[in-house]
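# Report on the structure
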Amino acid sequence: ASARRTPEGGLIKVESDSTKYEEEGIRAIFTDRGADVVQGGDGKFSVKKTEKNYEFYTKSKVGKVGLMLVGLGGNNGTTVLATHLANKHQISWRTKDGTQEPNYIGSVVRASTIRLGVDPETGKDVFVPLSDMLPMVHPNDFVIGGWDISGVSMDKAMSRAKVLEWDLQRQLVPMMDSVKPLPSIYYPDFIAANQADRADNLIPGDDKQSHLDHIRNDIRQFKSDNQLDSVVVLWTANTERYADIIPGINDTSDNLLKSIESSHEEVSPSTIFAVASILEGVPFINGSPQNTFVPGCIELAEKHKTFIGGDDFKSGQTKVKSVLAEFLVNAGIKPLSISSYNHLGNNDGKNLSSQRQFRSKEISKSSVVDDMVAANNVLYKSAAELTAETGEVTKKGEHPDHIVVIKHVPAVGDSKRAIDEYYSELLMGGRNVMNIFNECEDSLLATPLIFDLAILAELLTRVTYKPEGEDEHKPLHSVLSLLSYMLKAPLVKPGTDVVNSLNRQRNALEQFLKACLGLEHSGDLLLNTRIW
Ligand code: NAI
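Residues numbered from 1 in each chain as written. Predicted model: local features only at pLDDT ≥ 70, side-chain atom pairs only at ≥ 80, totals over all residues. Heavy atoms only, no water.

### What to know about the sheet that holds strand S4 (residues 65-70)
Spatial strand order, S9-S4-S10-S11-S12: five strands in an open sheet with parallel pairing. Of all the strands in the sheet, just strand S9 (143-147) and strand S12 (308-310) have a single pairing partner and so form its edges. Averaged over all pairs of adjacent strands, the angle between their axes in this sheet comes to 20°, without regard to strand direction. Examined bridge by bridge, strand S10 (residues 230-235) and strand S11 (residues 284-286) share three bridges and lie parallel to one another. Looking across to S11, one finds that Leu-234 is bridged to Ile-285. Packed onto the sheet, helix H14 (residues 442-461) meets S4, S9, S10 and S11 and runs at close to 140° relative to S10. (Pairing = 2+ DSSP bridges. Helix = DSSP H or I, 4+ residues; strand = E, 2+ residues; numbered from the N terminus. Axes fitted to C-alpha atoms, helices over the stretch in contact; angles between N-to-C directions. Contact = heavy atoms within 4.5 Å.)

In structure tokens:
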């Protein structure tokens, strides 16, 4: 999972007339097959098969990629930099269990595989690492930098985070003590008051336009100082409170830009970073739950054809929930309630102990089972059915009760504990209670996701498509919903449905990577194993 690199020219070569390897990229024809379904008045579903051809083009040159983290001095930020350096310099360290080598375990890109097809000789499945599907940046090659409102140098910030073993930290100090995060924007109203004592590394003044210009300049400077071909900006700073969506203020891109100009109070630091990235033409990913992407911000990204992704890393509890809830509902079992408790002792937990910041997290953790419930109208009555049954108009269909509690317990540090109870209805009125207790270092879950998000976002900037019959290639839609696997409350193209199912999110990623090579998704039909 660490140092292995893809051979020059790639690991996979598709032998087909519809996949061409050109000097600068891979050109592939892909047929998107689907079905249009219409339900008639008699209740019958009429299904029409659909087919559309696309040409995908993926530029092969990855170049030198910068990763700028907002919140570089936090638990995630320091763990990202330390993990990158330990892998890059092959630093091993001693623990009570022996010598530990660095790796990228937990990264879907670096440590998981995709089934490519079957070996015709043996009939056995052939798997390849996801990172070998298309040319992608290796996390050892990122140039990492970023901002923090806390000006502590990175070695001290790593020690403050208390995530990594001392013997590793000790060896990393000489590589990190000269690195200091860039000064950042601090609007105290957006994060918890208990963060104020960290805020000593600030861009002066309170003029939001000049803050925006400052961040834009930081991105340009970082790019030129390090001679980068591209940059990805990612928010892993404190969770902010929600911004109010106010007509005339942040509802359209023009209004949002005007509100920054007039320093309107509802423009958050994270939105300023997103706008700066959009205007600089670099992807911006939001790893925290707040609504950074107010409607005006999404519209701005669409206008500039730049990329955004979010919200909120999906590292532990929610990931398990999106798997378990889907398992139960797809097994025909009916969850009646899901009750989630968390306690953690790191600075994230301290910030979330404040009500308005907790509320952002509560919202992002709560929507995760919605689509699975909506997909099964055998178990859960739709709003229309409930209205017809009770005579009272309701807009919401039947749904399991769902609560989320988060408490700050300093003693447990970064080792977060998540406790979930799933209470479900079984056959003939029976009941089932399932409890999950999940304990692990939060930043060791989030860090590989940060690498994945940055690697995939950079890749997706190099992919263009052309529908059959059209002349020009276009970039993908600005909202990178293909990153949903790593995000709790996936942002999707306006007007389209959110998919929370972890399996479906991973399939989407796998199928997309295959489509860029002109390969069909082979799925799990395995027909040759079912027939004579
Ligand atoms: P942390 O509190 O250790 O780090 C956040 C850093 O952001 C701090 O160093 C703080 O000084 C800095 N900061 C705050 N406002 C800033 C601003 N305006 N500009 C620049 N820096 C700023 O938190 P941690 O554990 O690293 O988590 C980071 C974020 O990721 C949190 O919002 C958390 O909710 C989110 N997250 C973390 C997950 C995990 O598993 N660790 C999972 C899901 C989300």
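### Focus on the packing of aromatic side chains
Counting across every chain of the model gives nine aromatic pairs. Between Tyr-104 and Phe-451 the ring centres are 5.3 Å apart and the planes differ by 80°, which places this aromatic pair in the edge-to-face class. Of this pair, Tyr-104 sits in the loop between strand S6 (98-100) and helix H2 (108-111) while Phe-451 sits in helix H14; the two residues are 347 residues apart in sequence, bridging distant segments of the chain. Residue classification places Tyr-104 among the buried residues on the basis of a relative accessible area of 3%. With relative accessibility at 1%, the residue Phe-451 sits in the buried group. Aromatic pair Phe-284 and Phe-293: ring centres 5.9 Å apart, planes at 80°, arrangement edge-to-face. A relative accessible area of 0% means that Phe-284 is categorised as buried. Assessed through its relative accessible area of 7%, Phe-293 is described here as buried. One aromatic cluster is present, formed by Phe-30, Tyr-54, Phe-56, Tyr-465 and Phe-512 through successive ring pairs. Above the plane of the ring of Tyr-187 lies Lys-208, whose end atom (NZ or CZ) is 4.2 Å from the centre. In this arrangement the basic side chain of Arg-241 is found over the ring face of Phe-190, its NZ or CZ atom lying 4.1 Å from the centre. (Phe/Tyr/Trp six-rings, centres within 6.5 Å; stacked < 30°, edge-to-face > 60°. Buried < 20%, exposed > 50% of the residue type's maximum accessible area, 1.4 Å probe, protein only. Lys NZ or Arg CZ within 6 Å of the ring centre and 35° of its normal.)

### A look at a nonpolar patch on the surface
Together, Tyr-341, Ile-403, Ile-419 and Phe-437 make up a nonpolar patch on the protein surface, roughly 370 Å² of accessible area in all. Along the chain, Ile-403 turns up in strand S14 (residues 401-408). Owing to a relative accessible area of 41%, Ile-403 belongs among the partly exposed residues under this scheme. (Patch = residues over 30% accessible without salt bridge, like charges linked within 9 Å, V, L, I, M, F, W, Y side chains within 5 Å. Areas by Shrake-Rupley, 256 points an atom, 1.4 Å probe, with all protein chains shown as cover. Salt bridge = Lys/Arg side-chain N within 4 Å of Asp/Glu carboxyl O.)

### Quick word on the site of the ligand
With respect to spatial proximity, 31 residues lie near the ligand, and among them Asp-148, Ser-184, Ile-185, Arg-198 and Asn-347 are the closest. One of the side-chain N or O atoms of Arg-198 is found 2.8 Å from an oxygen atom in the ligand. Residue Asn-238 places a side-chain N or O atom 3.3 Å away from an oxygen atom belonging to the ligand. For the shell around the ligand, the elements supplying multiple residues, two or more each, are helix H1 (75-88), helix H10 (347-352) and H14. Taken together, the residues of the shell around the ligand break down into ten nonpolar, 14 polar and seven charged. (Near = heavy atom within 4 Å. Polar contact = N/O pair within 3.5 Å; in protein donor to acceptor, adjacent residues only side chain to side chain. Nonpolar A, V, L, I, M, F, W, Y, C, P; charged D, E, K, R; others polar.)

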